[in-house]
Amino acid sequence: MDQPAADWARCVSDATEGSLFADSCALPCDLFQGRSDDPSSRSRLLARERTPMKVVPLDAFLSHGKLPHSRDRLQRDAELADCVVFVSHRWWNVASNEPDTPEGHKYGLLCRALVALKRQVPNQRLDDVVIWIDYACIDQDDPMERDLGISSLVSYVARSDFLVIPVNPIPEAVSAFKNASHPIDLVDYGERAWCRLEVYVFLCVAEILQKPLHCYAYGLMPSGMVQNCTCTADLFSASVVSTGHRSVACGLLRFSVERLQRLGVQQNSAMFSFEHLPTNGQLTHEADRDLISSVQQDVRQDYGRAVLGRALLMMQHTQHHSLILDAKQLTCDDAEYLIHCFQGTAKKLMPRIRKLSMCCNLLRCRGAALLVRELSILPGSSILNMDFSDNFLEAAGAEELQHALNSMRRPLRKLHLARNRLGEGAAKVVAGACRVQKLLDLSDNQIGNREAELIVRVLADEVPGARSSAQILMLAKNNIESQAGQALLAVSQVVVDLAQNPVSPAVFAGAAMCQAAALV
């Protein structure tokens, strides 16, 4: 038995019997259901399997000495009891069309990653663990079989329990890994659409099934004492890259300079902003984008419904006063579904919820208007703070949002609409904010001088039927210049935030003084 296999054997020698996912695998399949007449997201993904999934037993992988090729015949058919570790990666030796370097750096890194994974996630039997990696599990010699395997890729991801990303041991990739919170942040990986799709399918399907979200990257990341005694050149030396260890004090001390890092998960929940989505990644063959878009849409639809249902269920069994649905890819259709869910639980939930946050989603003005209007009329509604920042609210739908704000039965204290694209529609939102008592946030909304002048007219009561009662109007990070900024400050009943606008120092100082006076 070679060293990687021996290290793993020591890790599993005290492991208990049974599968790590015994409880989660017993969950009912209807957790996937988006609509009762539709097949589940997972079923649709598994139906994309064009050729049976092959896997490599862990002990065979660790003892092989290099990344196994499909012609090495280490692979076997996947079985229901398998605990599948899916290796998501880019090929590192593109010039030679090889997945690994000539020195076998990726293979060694993956062996160490599997050992580290066992230490971090205990109680998994050695016999259960299998590896899926394209080079070994998709036929590399038969073009037809290779194409079938590639077409089946997303179904293989949906059947996996862990996803591991090896980080290329080059300076830019290691630097990005050190600061990464999401797989998309990884250099030489996260920019690629297919890599994004693997992560996306894995995390979303796992969350729908209420399985642990085991998405990890593994690579060089020195810290503490090791970082203090390791210069950059030493970190990328042949010995460190090959072993993952650095020796100091004349070889008396030996430290690991690699880390297994969980990514893409906050509070056991997947996080995907619009920029993170697979369809926004890079492709070698642009024709693949339609396929990626189709898979993404299948998963997103069921994921949104599952997330909303589970969030409301948790609210019913906790005493939380905030419903946080940030970065969940929610659309206007999901807003309608959320209203439907609220209508069935209004008497129990609405008196307790004070804040609804739906930042970093895919909402347009129609969805935001629906939530503003309908939630305010539900029995017992007590929401005081709504946050629709970082969505797709645009000028074209601003009038609908204005009418919804005007029709609210219960006032809001704060309404956050930052980082949208309201532009000239911002004035309509201000005009509709007669039921927003404290703060209206329109920061970073493509508001220039012309749009600012329209807002001034609303605030000065020069527009019939338009009135705003907000005490603080946040217009930071727009493109408002000095003259328009001065006009905004002259509307004395509201405090205006003009930070990071191209205004003169005098106008900026005037805005700051108004804000300071409001705080006293």
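I will try to describe carefully the structure that is included in this document. Counting of residues starts from 1 at the beginning of each chain's written sequence and follows it residue by residue. At least 70 in pLDDT is required for a residue's local features to be given in this predicted model, at least 80 for side-chain atom pairs to be given and counted, and no such filter applies to totals for whole chains, interfaces and linings, which use all residues. Note: side-chain values were computed over all heavy atoms of the structure, leaving out hydrogens and water.

Another aspect to go through is the overall build of the protein chain. Along the backbone of the protein chain there are 21 helices and 18 strands. Categorising residues by exposure relies on relative accessible area from a 1.4 Å probe, with only protein chains included: less than 20% of the type maximum marks a residue as buried, more than 50% marks it as exposed, and the intermediate range marks it as partly exposed. The burial tally for the protein chain puts 53% of its 520 residues in the buried class. Total accessible area computed for the protein chain in this model is approximately 23100 Å², and 51% of it derives from carbon and sulfur atoms. Only DSSP runs of H or I with at least four residues qualify as helices, and only runs of E with at least two residues qualify as strands; both kinds are numbered from the N terminus onward. Areas reported here follow the Shrake-Rupley algorithm with a probe of radius 1.4 Å; residue values treat only the protein chains shown as occluding.

In terms of burial, strand S6 (residues 215–220) is a largely internal element, six of the six residues being buried. For two strands to pair, DSSP has to find at least two bridges joining them. Across five bridges, S6 lies against strand S9 (residues 258–262) in antiparallel orientation. Bridge pairing links tyrosine 218 to leucine 260 in S9.

Here we come to the sheet that holds strand S2 (residues 76–77). Pairing is mixed across the open sheet formed by seven strands, whose spatial order is S2-S1-S4-S3-S5-S6-S9. The open sheet has two free edges, formed respectively by S2 and S9, since each of these has just one partner strand. Bridge count for strand S1 (residues 54–57) against S2 is two bridges, and the pairing is antiparallel. From the neighbouring strand, valine 55 faces S2, where its bridge partner is arginine 76. Throughout, a contact is declared for two residues whenever any of their heavy atoms are within 4.5 Å. Each axis is a line fitted through C-alpha atoms, and for a helix only the stretch in contact is used; angles between axes span 0 to 180 degrees, taken between their N-to-C directions. Its contacts with the sheet place helix H10 (residues 193–208) against strand S3 (83–87), strand S5 (162–166) and S6, and it is angled at close to 155 degrees to S5.

The set of residues buried in helix H19 (residues 449–459) consists of Glu451, Ala452, Ile455, Val456, Val458 and Leu459. Take H19 and look down its axis: the buried residues cluster within an arc of 160 degrees, on one side only. Turning to H19, the residues buried within the fold contact helix H18 (426–432), strand S17 (472–474) and helix H20 (482–490). Directly after H19, the chain includes aspartate 461, whose backbone phi takes a positive value near 60 degrees. In this context, the arc is that of the directions from the helix axis out to the C-beta atoms.

With that out of the way, let us pick up the packing of helix H16 (residues 365–377) against helix H17 (residues 398–406). It is at 8 Å that the axes of H16 and H17 come closest, and there the two elements cross at 5 degrees. Regarding the angle of H16 to H17, the classification is roughly parallel. Between H16 and H17, the residues in contact are Cys365, Arg366, Ala368, Ala369, Val372 and Arg373 and Ala398, Glu400, Leu401, Ala404 and Leu405, respectively. Orientation labels follow simple angle bins: below 35 degrees gives roughly parallel, above 145 gives roughly antiparallel, 65 to 115 gives roughly perpendicular, and whatever is left gives oblique.

Along the polypeptide, histidine 416 turns up in strand S15 (residues 412–416). A relative accessible area of 17% means that histidine 416 is categorised as buried. Here a polar contact is recorded for every N or O atom pair within 3.5 Å, except that within protein the pair must consist of a potential hydrogen donor and a potential acceptor, and residues adjacent in sequence are included only if both atoms are side-chain atoms. Reaching out from histidine 416, the side chain makes a polar contact with the side chain of aspartate 441 at a distance of 3.5 Å. Setting aside anything within four residues of it in sequence, one finds histidine 416 in contact with Asn385, Met386, Asp387, Phe388, Ser389, Leu439 and Asp441.

Here we come to the packing of aromatic side chains. Between the rings of Phe, Tyr and Trp (Trp by its six-membered ring), a pair exists once the centres lie within 6.5 Å; its type follows the angle of the planes, with under 30 degrees stacked, over 60 edge-to-face, and the other angles tilted. Within this structure, the stated rule accounts for six aromatic pairs. Look at phenylalanine 274 and phenylalanine 392: their rings are 4.8 Å apart centre to centre, the planes differ by 75 degrees, and that puts the pair in the edge-to-face class. In this pair, phenylalanine 274 is assigned in the loop between strand S11 (269–270) and helix H14 (289–316) and phenylalanine 392 in the loop between strand S14 (385–387) and H17, connecting sequence segments 118 residues apart. Through pairs of rings, three or more aromatic residues link up here, namely Phe86, Trp132 and Tyr156. Taking the ring centre of tyrosine 337 as reference, the NZ or CZ of arginine 305 above it sits at 4.5 Å. Should the NZ of a Lys or the CZ of an Arg lie within 6 Å of a ring centre and within 35 degrees of the ring normal, that charge is described as sitting over the ring.

The description of two helices packed together rests on the angle between their axes and the distance between the axes. Running from amino to carboxyl end, H10 crosses H14 at an angle of 25 degrees, the nearest separation of the two axes being 10 Å. By the angle class used here, H10 and H14 are roughly parallel. The two elements H10 and H14 cross, and the hand of that crossing is left-handed. Two secondary-structure elements touch here, H10 through Ala193, Trp194, Leu197, Tyr200, Val201, Cys204, Glu207 and Ile208 and H14 through Leu291, Ile292, Val295, Gln296, Val299, Arg300, Asp302, Tyr303, Ala306, Val307 and Arg310. Each crossing is labelled by how the near helix is turned from the far one, with a counterclockwise turn of less than a right angle marking it left-handed and a clockwise turn marking it right-handed.

Disulfides are defined as pairs of cysteine sulfur atoms found within 2.5 Å of each other. Considering all chains together, one arrives at zero disulfides under this definition. Here cysteine 365 stays free of any disulfide, with the sulfur of cysteine 332 as its closest cysteine sulfur at 8.6 Å.

Here we come to the sheet that holds strand S13 (residues 355–357). Pairing within the open sheet is parallel, and its seven strands lie in the order S12-S13-S14-S15-S16-S17-S18. Strand pairing shows two members of the sheet lacking a second neighbour, strand S12 (322–324) and strand S18 (495–497), which therefore form its edges. The average undirected angle you get between the axes of adjacent strands in this sheet is 10 degrees.

This part is about unusual backbone geometry. The phi dihedral of asparagine 97 is positive, around 55 degrees, even though this residue is not glycine. Non-glycine residue glutamine 446 carries a positive phi angle of around 60 degrees.

In these notes, a set of buried Ala, Val, Leu, Ile, Met, Phe, Trp, Tyr and Cys residues joined through side-chain atoms within 4.5 Å is what counts as a nonpolar core. Among the nonpolar cores identified, the biggest contains 147 residues, and Val201, Phe388 and Leu442 are the most heavily contacted of them. Setting aside residues no more than four positions away along its own chain, leucine 442 makes contact with Leu417, Leu422, Ala426, Val429, Val430, Ile447, Leu473, Met474, Leu475 and Asn478. With six residues, the next largest nonpolar core counts Val174, Leu220, Leu235 and Val240 among its residues.

Our next topic: H20. Residues Ala484, Gly485, Leu488 and Leu489 constitute the buried set of H20. When H20 is viewed along its axis, its buried side chains cluster within an angular range of 140 degrees and face the same direction. What points out from H20, more than 90 degrees from its buried face, is the exposed set Gln483 and Ala490.

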